[in-house]
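Residue-level structural notes
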Amino acid sequence: MELKITRWKRYGHDRLYANLPDGTAVGWLDVKTGDITVLVAEYRADVIVVLTDHLRNNPEPVPPQKTPRMPEAPPLLPPLTAADDLAANRPGESLRDKSGPGLIKRVVSQLLRRPTEWDSWRKGLKGEQRVGAELNRLARHGWRVLHSIPLADKVDVDHLLIGPGGVFSINTKYHGKRAVWVGDDSAKVDHGKPAPYVRKSRAEAKRVGRVLERYCGFPVPVEPVLVFVGVTDLKVVATQLNVRVYQEREVAALAPLSGVLTAEQVEHVYSVARHRQAWSQVPPTATRK
């Protein structure tokens, strides 16, 4: 098995990762201690050989008159309280609190067939509820699910799926009885104007990854996912395969994925992700939804 070696330095850690051709990490070596950790048992022999050979053929120079830095421990979160536990959030939690227009205004808007912001919230809630129900079914396959994760700048992550196949930041879009076309950076609904769904999903996943790696102290791969609800047709023509695109019932395709996080890492990532305070100071560098 041909494994590719990549180096990862962050938060005081210095590691060499052994990856499969598709980028899946199957083991890593701590450059400072020489300890090898195997993430996927079936590749144990290959991981040990390739990492040992790499270290032997690429010895680390020791700079003169420098004291080795001790690894920096990741910051600690305060004890989790009921108020900060995002595991209690239902799908669409952030949309449930939206106050819509009064009865008279709703009736007038319906008579005039004039769309309102409340219509958008209602459809968004419906979409998140349907996708959330599909994701919750993955729990029996060893996955953890969180919904409506509030970020620092008044936006939220619709769903976060954490399991043996990694972490997936899931953005839900409801377009009832519409046809959707998805390209590399944008999407079109019924051949309308391009919407930056794909680009924003990538930015959201990077933002999620920064938070999780900061508190976990090890690499946490986060993949962006776009899920369309209620559409009559979904056509994906993207050539950059870095955003997964599904209809709501297709998210079950994530269930059998594995080999990215160990069971212990899954629980550690989940314990960080469910803590509201972990997300409260996320740098707002990602594009708004």
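Residues numbered from 1 in each chain as written. Predicted model: local features only at pLDDT ≥ 70, side-chain atom pairs only at ≥ 80, totals over all residues. Heavy atoms only, no water.

**Some details on the pattern of salt bridges**
A side chain with one charge can pair with a side chain of the opposite charge if their charged atoms come near. In the structure shown here, the tally under the stated rule is 10 salt bridges. In this structure, the salt-bridge partner of Arg274 is Asp85, at a minimum N-O distance of 2.6 Å. Remark: Asp85 occurs in the loop between α1 (44–57) and α2 (93–96) and Arg274 occurs in the loop between α6 (263–273) and α7 (276–279); sequence separation between them is 189 residues. On the accessibility criterion, Asp85 (16% relative accessible area) is buried. One salt bridge connects Asp190 with Arg178, and the closest N-O pair in it is separated by 3.6 Å. Placement of Asp190 in the loop between β9 (187–189) and α5 (197–216) and of Arg178 in the loop between β7 (166–174) and β8 (179–182) is noted, with a sequence separation of 12 residues between them. Taking relative accessible area as the criterion, Asp190 reaches 37% and is therefore assigned partly exposed. Each of Glu134, Arg137 and Arg249 takes part in one network of salt bridges that share partners. (Salt bridge = Lys/Arg side-chain N within 4 Å of Asp/Glu carboxyl O. Helix = DSSP H or I, 4+ residues; strand = E, 2+ residues; numbered from the N terminus. Buried < 20%, exposed > 50% of the residue type's maximum accessible area, 1.4 Å probe, protein only.)

**Re the pairing of strand β5 (residues 144–150)**
Most of β5 sits inside the fold, with five of its seven residues counted as buried. The pairing of β5 with strand β6 (residues 156–163) spans six bridges and is classified as antiparallel. When the bridges of β6 are listed, Val145 appears paired with Leu161. Turn length for the β5-β6 hairpin, with the two strands adjacent in sequence and antiparallel, is five residues, and the turn residue Lys154 shows positive phi of about 65°. (Pairing = 2+ DSSP bridges.)

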